[in-house]
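One-letter residues, chain by chain:
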Amino acid sequence: METSYQYNRVLLKLSGEALMGSQAYGIDVSMTDRIAKEVANAHSNNLQIGLVIGGGNIFRGLSASAGGIERSTADYMGMLATVMNALAMQSALERQGVDTRVMSAIPMTTVCEPYIRRRAVRHMEKGRVVIFAAGTGNPYFTTDTAAALRAAEMNCQALLKGTQVDGVYDSDPKNNPDAKRYDTLSYQKVLSDDLRVMDSAAIALMRDNKIPIIVFSLHEEGGFDEVMQGKGTCTTIS
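The structure contained in this document is the topic of the report that follows. (Residues numbered from 1 in each chain as written. Predicted model: local features only at pLDDT ≥ 70, side-chain atom pairs only at ≥ 80, totals over all residues. Heavy atoms only, no water.)

1. Description of the pairing of strand S11 (residues 234-237)
- Pairing of strand S9 (residues 184-185) with S11, which is carried by two bridges, proceeds in the parallel orientation. Looking across to S11, one finds that leucine 185 is bridged to isoleucine 237.
- Sheet analysis places strand S10 (residues 213-217) next to S11, joined by four bridges and oriented antiparallel. Bridging from a neighbouring strand, isoleucine 214 pairs with threonine 236 of S11. (Pairing = 2+ DSSP bridges. Helix = DSSP H or I, 4+ residues; strand = E, 2+ residues; numbered from the N terminus.)

2. Details of the nonpolar core
- Ranked by internal contacts, the top residues of the largest apolar core, which has 39 residues, are Val10, Met89, Leu93, Leu160 and Phe224.
- Of all elements in the fold, only strand S1 (9-14), helix H1 (29-43), strand S2 (48-53), helix H3 (71-95), strand S5 (129-133), strand S6 (158-163), S10 and helix H8 (223-228) reach the threshold of two or more residues within this core.
- Contacts of valine 10, omitting those with residues within four sequence positions, involve Leu47, Gln48, Ile49, Gly50, Met124, Cys156, Ala158, Leu160, Phe224 and Met228.
- In terms of nonpolar packing, the next biggest core, distinct from the first, is built from 31 residues, Met124, Val130, Ala202 and Val215 among them. (Core = buried A, V, L, I, M, F, W, Y, C linked by side-chain atoms within 4.5 Å. Buried < 20%, exposed > 50% of the residue type's maximum accessible area, 1.4 Å probe, protein only. Contact = heavy atoms within 4.5 Å.)

3. A look at the side chain of aspartate 225
- The topology assignment puts aspartate 225 in helix H8.
- Salt bridges are absent for the buried aspartate 225, whose nearest opposite-charge side chain, lysine 231, sits at 7.5 Å.
- The contacts of aspartate 225, once residues within four sequence positions are left out, are Thr3, Tyr5, Asn41 and Ala42. (Lys, Arg positive; Asp, Glu negative; His and termini not counted. Salt bridge = Lys/Arg side-chain N within 4 Å of Asp/Glu carboxyl O.)

4. Quick look at the pattern of salt bridges
- Counted by the stated rule, this structure contains 16 salt bridges.
- Between arginine 196 and aspartate 194 there is a salt bridge whose closest N-O contact spans 3.1 Å.
- Salt bridges sharing common partners tie together Asp99, Arg101, Glu113, Arg119 and Arg128.

5. Side note on helix H4 (residues 117-125)
- Every buried residue of H4 is accounted for by Ala120, Val121, His123 and Met124. In a view along the axis of H4, the buried residues occupy a sector of 160°, so they form one face of it.
- Contact partners of the buried residues in H4: S1, S2, strand S3 (100-104), strand S4 (113-114) and S5. (Arc of directions from axis to C-beta.)

6. Looking at the side chain of histidine 123
- For histidine 123, the location among the structural elements is in helix H4.
- Not counting the four nearest positions on each side in its chain, histidine 123 is found in contact with Arg101, Met103, Glu113, Arg128 and Val130.

7. Regarding the environment of glycine 50
- By the secondary structure assignment, glycine 50 is in strand S2.
- Between the C-alpha atoms of glycine 50 and arginine 118, which are 68 residues apart in sequence, the distance is 14 Å.
- Apart from the residues lying within four places of it in its own chain, the contact partners of glycine 50 are Val10, Leu11, Leu12, Met124, Val130 and Phe132.

8. Notes on the environment of tyrosine 5
- In this structure, tyrosine 5 sits in the segment before S1.
- Separated by 220 residues in the primary sequence, tyrosine 5 and aspartate 225 place their C-alpha atoms 8.5 Å from one another.
- Once you skip the residues sitting within four places of it in the chain, tyrosine 5 turns out to touch Asn41, Ala42, Asn45, Leu47, Asp225, Met228 and Gln229.
- At a separation of 3.3 Å, a polar atom in the side chain of tyrosine 5 contacts the side chain of asparagine 45.
- Here aspartate 225 takes part through its side chain, which lies 2.3 Å from a polar atom of the side chain of tyrosine 5. (Polar contact = N/O pair within 3.5 Å; in protein donor to acceptor, adjacent residues only side chain to side chain.)

9. Structural notes on the packing of helix H5 (residues 143-153) against helix H7 (residues 200-208)
- Running from amino to carboxyl end, H5 crosses H7 at an angle of 15°, the nearest separation of the two axes being 8 Å. If you check the angle between H5 and H7, you find them roughly parallel. Crossing angle aside, the handedness with which H5 passes H7 is left-handed. Along the contact surface, H5 presents Asp144, Thr145, Ala148, Leu149, Ala151 and Ala152, while H7 presents Ala201, Ala202, Leu205 and Met206. (Axes fitted to C-alpha atoms, helices over the stretch in contact; angles between N-to-C directions. Parallel < 35°, antiparallel > 145°, perpendicular 65-115°, else oblique. Left-handed = near helix turned anticlockwise from the far one by under 90°.)

Next comes the structure, spelled out in structure tokens:
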């Protein structure tokens, strides 16, 4: 029986740290395989999926600029790290039999396609998973903002953010056992209470385009699929 999803086309945002698994840095292949299985499962039910992956497991632009590298240069280095993650995820998805394309905002035609919006839409319509790499192609913008931008450009019906916890809390649940999880939030509350779900530019972009943000845990097996069916534990920002 075909699974029924709440949405037809979504963008999944993963942090670079999600690919580290239990390692201190870098890419844990078993972790990329597990995420790829979840994406492949949803994709097999005709869900159109775009992916944006951060680069923090390899290089952090902001902390590097604090260490003395010029900010624009540090951000470009971070963008290149996201391309490495995108290629690793493409490989993992192809091992699952999913047709995948990596499109980079910084052209590097030897390893992936340049990002062209209409071509990306066409890939998704043809049932390919598209991984958007190199952020927006501009320094001073985070991969959260890149994910929001691509979600809007692709006319996605939701932006899913896979994190270390199963939603948005009023304080850090790792430090505070009494932290309260929100089921739903408004964009305005996220911005006014400075709840650090994504940066404010990304939240504002999703608010202006009326695209809900769904925050869920990457660590629950089958979590992505359950959230897409409207069943899993998550926080919906709309």
